[in-house]
Amino acid sequence: MTTTAPPFGTDLGHDTRLQLWAALGVIEVYVRTARANIAAGIHPQANARRLAQLEQRARELWDALADAQSL
C-alpha cells in the first residue's frame, strides 16, 4: 500500500494557524481601541474590563497557536 501527500490546501495545521493569526489581529484592533478610549476618558471602567477580557482572549489564542504549531 502506498501513501500519497494530501491534495494542496488540505493542511489543517496551516489553516488553523492562519485563522488564529487573523483572530489575534482582530483582537489587537479592539485592544488599541480600548486603550485609546481609556486614555481619552471614555467609559474608563467599562473599557478597562473589556481590555482585561481581550487580553485574556489573546493569551488563549497565543496558547492555541503554540499548540497548533504541532499540527
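Summarised in this report is the structure supplied together with it. Everything quoted here is computed from the prediction, not taken from an experiment.

## Some thoughts on helix α2 (residues 44–68)
Phase 1: An ideal rise of 1.5 Å per residue puts 36 Å on 25 residues; α2 measures up with 35 Å between its terminal C-alpha atoms.
Phase 2: Three or more residues of α2 are buried, namely N47, L51, L54, A58, L61, L65 and A68.

## Points about the pattern of salt bridges
Phase 1: One pass over the full model with this rule turns up three salt bridges.
Phase 2: Here R35 makes a salt bridge to E55, at a shortest N to O gap of 3.1 Å. Of the two residues, R35 is situated in helix α1 (residues 12–40) and E55 in helix α2; the sequence distance between them amounts to 20 residues.
Phase 3: What makes E55 partly exposed here is its relative accessible area of 30%.
Phase 4: Note that E60 and R57 form a salt bridge whose closest N and O atoms lie 3.2 Å from each other. With E60 and R57 both in helix α2 and three residues apart, the pair spans about one turn of that helix.

## As for the environment of D67
Phase 1: Mapped onto the secondary structure, D67 falls in helix α2.
Phase 2: Note: C-alpha distance between D67 and G13 (54 residues apart in sequence) is 9.8 Å.

## Concerning the environment of L54
Phase 1: You can see L54 is positioned in helix α2.
Phase 2: Judged by relative accessible area, which is 5%, L54 ranks as buried.
Phase 3: Note: C-alpha distance between L54 and L24 (30 residues apart in sequence) is 9.8 Å.
Phase 4: With near-sequence residues (within four places) excluded, L54 lies in contact with I27, Y30 and V31.

## Focus on unusual backbone geometry
Phase 1: The phi dihedral of H43 falls on the positive side, at around 40°, and the residue is not glycine.
Phase 2: Along the chain, the position of H43 falls in the loop between α1 and α2.
Phase 3: Take H43: its relative accessible area is 60%, and that puts it in the exposed class.

Scoring rules and cut-offs
- Residues numbered from 1 in each chain as written.
- Predicted model: local features only at pLDDT ≥ 70, side-chain atom pairs only at ≥ 80, totals over all residues.
- Heavy atoms only, no water.
- Helix = DSSP H or I, 4+ residues; strand = E, 2+ residues; numbered from the N terminus.
- Expected span 1.5 Å × (residues − 1).
- Buried < 20%, exposed > 50% of the residue type's maximum accessible area, 1.4 Å probe, protein only.
- Salt bridge = Lys/Arg side-chain N within 4 Å of Asp/Glu carboxyl O.
- Contact = heavy atoms within 4.5 Å.

Function-wise, these values are silent; they only describe arrangement.
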